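Structural features, examined
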Amino acid sequence: MGKLTDKITIVTGAGQGIGRGIAEKLAAEGATVVVTDVNEVTAKETAEAIGGAGIRTDVTSRESTAAMVEQVTNRFGRIDALVNNAGWDKAGPFVDSDPADWDRVVQINLYGVLNTCKAVLPVLAEQGHGSVVNIASDAGRVGSSGEAVYSAAKGGVIAFTKSIAREMARSQVNANAVCPGPADTALFASIGGDDPKLREALTKAIPFRRLAQPSDLAGVVAFLASDEAAYVTGQTVSVSGGLTMS
Ligand SMILES: NC(=O)c1ccc[n+]([C@@H]2O[C@H](COP(=O)([O-])OP(=O)(O)OC[C@H]3O[C@@H](n4cnc5c(N)ncnc54)[C@H](O)[C@@H]3O)[C@@H](O)[C@H]2O)c1
């Protein structure tokens with residue numbers, strides 16, 4: 001039996017990258033996974049690969065997230081775990097940044113988490129059980145040059161996670177944040193990871209001498225979404241191959 005047998009779980013941004021890796025792991029642990037992504041094609045691809053349901057959901061829209069959650073509760077009657085993974089970034093020095101990009105970064109990375117939590121937390125509170133796992137970033141803990149606004153949004157996700165962990169504890173709902181270090185995905189490539197020099201320099205700086213793969217994140221997320229972690233709440237876990245410690 002997997003550690004998530006019979007659990008109803010939702011993963012946002014699960015069409016590719018880390019979110020897809022998380023969806024695969026949750027399914028392998030026995031969960032029913034609702035695969036959501038703003039990209040309907042990739043959402044359906046991931047869902048098909050793991051035998052789950054794929055639903056197009058834009059986390060920046062309260063209507064879209066509320067409609068998705070209603071569909072899930074209508075179909076399955078409950079939600080056991082929510083994984084907020086959808087994210088986006090555009091790298092560059094803050095002084096050269098375009099405020100229009102700040103909006104997009106904050107909308108996806110911070111408001112995205114608020115929007116799904118607004119729809120899901122009342123369901124978890126009513127049930128008297130459930131888990132929230134928010135994918136933040138080490139950028140939100142220790143800063144990252146070229147990612148100032150993204151770091152601000154992810155730092156906001158970490159603080160929000162701690163606060164809802166406090167608010168939801170009386171309902172036996174836990175909430176934790178997972179902070180990836182550099183991970184080998186399309187997002188990482190788009191913010192400079194496709195430059196072999198930067199890739200090599202970062203790889204050298206990581207004590208384990210390699211970038212994270214989505215599966216490196218997925219194990220921690222599966223644990224935090226499971227009953228094994230029911231007494232763990234308000235925590236921030238870095239998964240960075242040792243690049244950041246403490
Ligand atoms: N890759 C890294 O190095 C790294 C490091 C730290 C944190 N993270 C975080 O990990 C998470 C996953 O990132 P990734 O590297 O797999 O990125 P990715 O770009 O490969 O995947 C992100 C997914 O989110 C989806 N998405 C984007 N906007 C959305 C929206 N409005 N609504 C719903 N879905 C949306 C995309 O369609 C995509 O499928 C993000 O929160 C990211 O910030 C990544």
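Structure first, text after, so check above.
Residues numbered from 1 in each chain as written. Predicted model: local features only at pLDDT ≥ 70, side-chain atom pairs only at ≥ 80, totals over all residues. Heavy atoms only, no water.

Helix and strand content of the protein: nine helices and seven strands. The C-alpha atoms of the protein give 17 Å as radius of gyration, which agrees with the globular expectation for 246 residues (18 Å, within 12%). Referenced to the eigenvectors of the C-alpha coordinate spread, the extents of the protein come out at roughly 50 × 40 × 35 Å. Within the protein, the fraction of its 246 residues that count as buried is 47%. In the protein, the share of contacts with a sequence separation of at least 24, taken over all contacts with a separation of at least 6, comes to 68%. Only carbon and sulfur atoms are counted for the fraction: they give 52% of the accessible area of the protein, which is about 11,500 Å². Of the side-chain charges in the protein, 22 are positive and 27 negative, and the distance between the mean point of each set is 4 Å. (Helix = DSSP H or I, 4+ residues; strand = E, 2+ residues; numbered from the N terminus. Rg over C-alpha atoms; globule rule 2.2 N^0.38 Å. Buried < 20%, exposed > 50% of the residue type's maximum accessible area, 1.4 Å probe, protein only. Contact = heavy atoms within 4.5 Å. Areas by Shrake-Rupley, 256 points an atom, 1.4 Å probe, with all protein chains shown as cover. Lys, Arg positive; Asp, Glu negative; His and termini not counted. Charge placed at Lys NZ, Arg CZ, Asp CG, Glu CD.)

For the rest of this paragraph, the subject is the layout of surface pockets. Estimated volume of the second largest pocket: approximately 260 Å³. Gly130, Gln172, Val173, Asn174 and Ala230 are the residues nearest the centre of the second largest pocket, which is lined by 15 residues in total. Among the elements of the structure, strand 5 (130-135) and strand 6 (173-180) are those that each provide at least two residues to the lining of the second largest pocket. Residue classes in the lining of the second largest pocket are distributed as five nonpolar, seven polar and three charged. (1 Å grid on protein atoms, 1.4 Å probe; cavity = no way out; pocket = protein on both sides within 12 Å on 5 of 7 lines; lining within 4 Å. Points joined across faces, edges and corners; volume = space filled by probe spheres on them. Nonpolar A, V, L, I, M, F, W, Y, C, P; charged D, E, K, R; others polar.)

We now examine the packing of aromatic side chains. Applying the stated rule across the entire model yields one aromatic pair. When the ring of Phe94 is compared with that of Trp102, the centres are 5.4 Å apart and the planes differ by 20°; the resulting orientation is stacked. With relative accessibility at 33%, the residue Trp102 sits in the partly exposed group. (Phe/Tyr/Trp six-rings, centres within 6.5 Å; stacked < 30°, edge-to-face > 60°.)

Moving on, we get to the packing of helix 4 (residues 99-127) against helix 6 (residues 148-168). In the contact formed by helix 4 and helix 6, the axes pass within 9 Å of each other and the chain directions differ by 15°. By the criterion of interaxial angle, the relationship of helix 4 to helix 6 is roughly parallel. Two packed elements cross with a definite hand, and for helix 4 against helix 6 that hand is right-handed. Facing Trp102, Val105, Val106, Asn109, Leu110, Val113, Leu114, Cys117, Leu121, Leu124 and Ala125 of helix 4, the residues of helix 6 in contact are Val149, Tyr150, Ala153, Lys154, Gly156, Val157, Phe160, Ile164 and Met168. Broken down by class, the residue content of the contact of helix 4 with helix 6 amounts to 17 nonpolar, two polar and one charged. (Axes fitted to C-alpha atoms, helices over the stretch in contact; angles between N-to-C directions. Parallel < 35°, antiparallel > 145°, perpendicular 65-115°, else oblique. Left-handed = near helix turned anticlockwise from the far one by under 90°.)

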